[in-house]
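# Residue-level structure breakdown
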Amino acid sequence: MDVKAVSREDTFTHFEYLECVINFTRLRIIYRPPPSKKNQLRNSVFFDEWSHFLDSVVVDHRELIITGDLNFHLDNVQDPEGVKFLRILDDHGLVQHVKESTHSGGHILDVVILRDSSSVLYGEPCVTDSGLYDKNGNPAGDHLAICSKLTLSKPARERKSIKFRKLRDIVISDLSDSIRSSFELQKGENSVEKSVNLCNTTLQNILDSLAPVQSKVITIRPDCPWYTSELRAAKRERRKAERQMRRTDLTVHREIYRSHCTQVSKLAIHCKRSYYSSKIVEMGKDQKQLYRLTNRLMGAKSDVVLPAHQCEEMLANSFGEFFQTTIQKIRNELCNGSKIGFDPLQDDNEFTGVHLHTFEPASQDQIRAIILSASPKSCELDPMPSFLLKSCLDSCLAMVTDIINHSLNQSVVPSSFKQAVVRPLIKKTGLDPEEYRNYRPVSNLSFLSKILEKVVAKRLDHHLESNYLHDNVQSAYRPCHSTETALLRVHHDIVAALDSGSCVALIMLDLSAAFDVIDHSILINRLEIGFGISGSALAYT
């Protein structure tokens with residue numbers, strides 16, 4: 001049975017409710033406190049909210065069940081409030097099916113409400129003793145239990161066709177031998193572009209031979225990683241006890257069944273707690289993974305949200321045009337708002353330290369350290385998953401190092417390194433998915449292009465550090481500097497100012513597309529004049 005909780009943004013002041021979906025049937029449990037001078041609730045307000053609530057639920061195409069305690073005397077045809085309640089139900093095409101008294105006072109206060117055209121209810125609801133008593137044998141409550149039989153069929157599981165590779169079946173030694181022999185045959189003086197293309201083609205062909213693409217049809221099932229064999233066995237025993245109880249209807253078998261229910265419930269909680277506790281311990285200080293796990297536990301959806309479309313290619317082109325137009329619009333506004341004759345470089349001091357003319361070639365040990373410390377994430381543009389590349393690094397390290405050094409020497413970034421897979425991600429849940437401005441583009445580069453970026457970044461950072469070119473208050477893109485150091489600095493300045501009796505004003509700016517609207521000509525000139533970077537280190541293709 002598929003059961004999941006459903007959250008809603010509507011809030012009501014005169015009744016409370018809980019929702020869940022059971023096999024595509026929407027169940028709503030209602031409780032309305034009786035009005036009193038203490039709670040200051042009024043029936044007129046409740047009926048307005050109740051009508052608004054029903055307006056929103058009846059438009060759902062799924063089966064609808066509303067149950068709970070409404071605290072109206074629905075059996076009294078002379079009660080105007082009860083009559084009004086039933087009339088509102090009738091106006092919305094709903095029927096209340098409880099016909100027997102559900103309260104010790106002899107009135108119908110509890111309801112089972114369905115659509116007038118619904119066929120999921122099998123017979124009329126039966127009102128019985130709840131079987132709940134205190135230690136003295138007195139009833140634990142003044143309401144009776146309502147038993148209803150529903151004909152809910154289990155929906156068929158969704159099936160879809162997928163393509164995959166059996167990457168885990170690859171023998172690493174065979175992969176290493178294939179890469180080593182292929183790269184030995186390709187040695188020679190090549191341009192960066194040709195070397196990258198040969199490398200990508202070779203790795204792709206090797207992967208296709210060892211793990212060819214396969215396809216199959218799978219059944220989509222709910223992900224339940226904490227479900228253990230012990231819990232499965234306990235649920236099996238519970239079902240056996242339930243069948244025996246229904247067959248004999250003996251009190252002793254009912255007690256055995258309840259004992260099994262309690263055991264399964266406790267075991268399920270224990271399995272969940274143990275699984276997620278171990279996952280949190282494994283994550284250590286990885287705040288990103290912990291954030292994702294917390295979101296998953298809180299029921300946050302990870303579904304891909306996109307505007308309505310009929311053709312994916314047209315949607316991609318529309319997004320690309322929108323993002324480019326947005327950047328151009330911001331750039332034009334910046335140009336129009338700048339002062340006439342203003343030179344952004346006029347306040348820069350000319351660099352007087354040791355200039356950086358060329359990038360030092362990288363050794364194999366340096367490339368190895370960068371690759372091993374890099375994130376194992378892969379991109380669709382990668383000819384081979386990064387975790388496989390890391391596992392046979394010795395066989396391809398020389399080839400990768402040559403590509404990186406050729407790129408540094410020739411001041412050329414291969415065209416394939418400039419390509420990225422760009423995905424539009426919704427900025428915040430609840431935003432209108434049809435508005436393009438509610439999306440942000442997130443690009444994913446190939447693995448080797450990130451390695452080249454890290455090599456260049458290390459050399460630039462060494463130049464900045466050795467010449468003391470970092471800004472004193474910079475808290476990003478520097479070792480041992482992050483948002484934490486920025487917060488500490490801001491907190492220190494605020495506290496110091498308050499201690500000295502001064503007033504504090506904090507101004508925070510969020511620039512739209514800050515990196516995308518950078519003027520490259522200004523950037524190149526500033527790197528040359530203010531930071532002493534020139535020659536092949538500044539050249540770009």
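Coordinates for the structure precede this section.
Here's a quick rundown of the structure. (Residues numbered from 1 in each chain as written. Predicted model: local features only at pLDDT ≥ 70, side-chain atom pairs only at ≥ 80, totals over all residues. Heavy atoms only, no water.)

Buried residues dominate strand β6 (residues 110–115), accounting for six of its six residues. Taken together, the five bridges between strand β4 (residues 63–69) and β6 define a ladder with antiparallel strand orientation. Bridge pairing links Ile66 to Ile113 in β6. Bridge count for strand β5 (residues 94–96) against β6 is three bridges, and the pairing is antiparallel. Bridge pairing in β6 links Val95 to Leu114. (Buried < 20%, exposed > 50% of the residue type's maximum accessible area, 1.4 Å probe, protein only. Helix = DSSP H or I, 4+ residues; strand = E, 2+ residues; numbered from the N terminus. Pairing = 2+ DSSP bridges.)

So, about the nonpolar core. Judged by nonpolar contacts, the single largest core of 40 residues is most densely connected at Leu175, Ile179, Ile367 and Ile404. Considering each element in turn, this core owes the most residues, eight residues, to helix α11 (residues 393–410). Those residues in contact with Ile179 that lie beyond four places of it in its chain are Leu203, Ile206, Met384, Cys392, Ser395 and Cys396. Core analysis: the second largest hydrophobic core is formed by 31 residues, Val57, Leu70, Val111 and Val127 among them. (Core = buried A, V, L, I, M, F, W, Y, C linked by side-chain atoms within 4.5 Å. Contact = heavy atoms within 4.5 Å.)

Quick look at the state of the cysteines now. Overall, the coordinates contain zero disulfides when judged by the stated rule. The thiol of Cys20 is unpaired, and the distance to the nearest cysteine sulfur, on Cys224, comes to 17 Å. Judged by relative accessible area, which is 17%, Cys20 ranks as buried. (Disulfide = S-S within 2.5 Å.)

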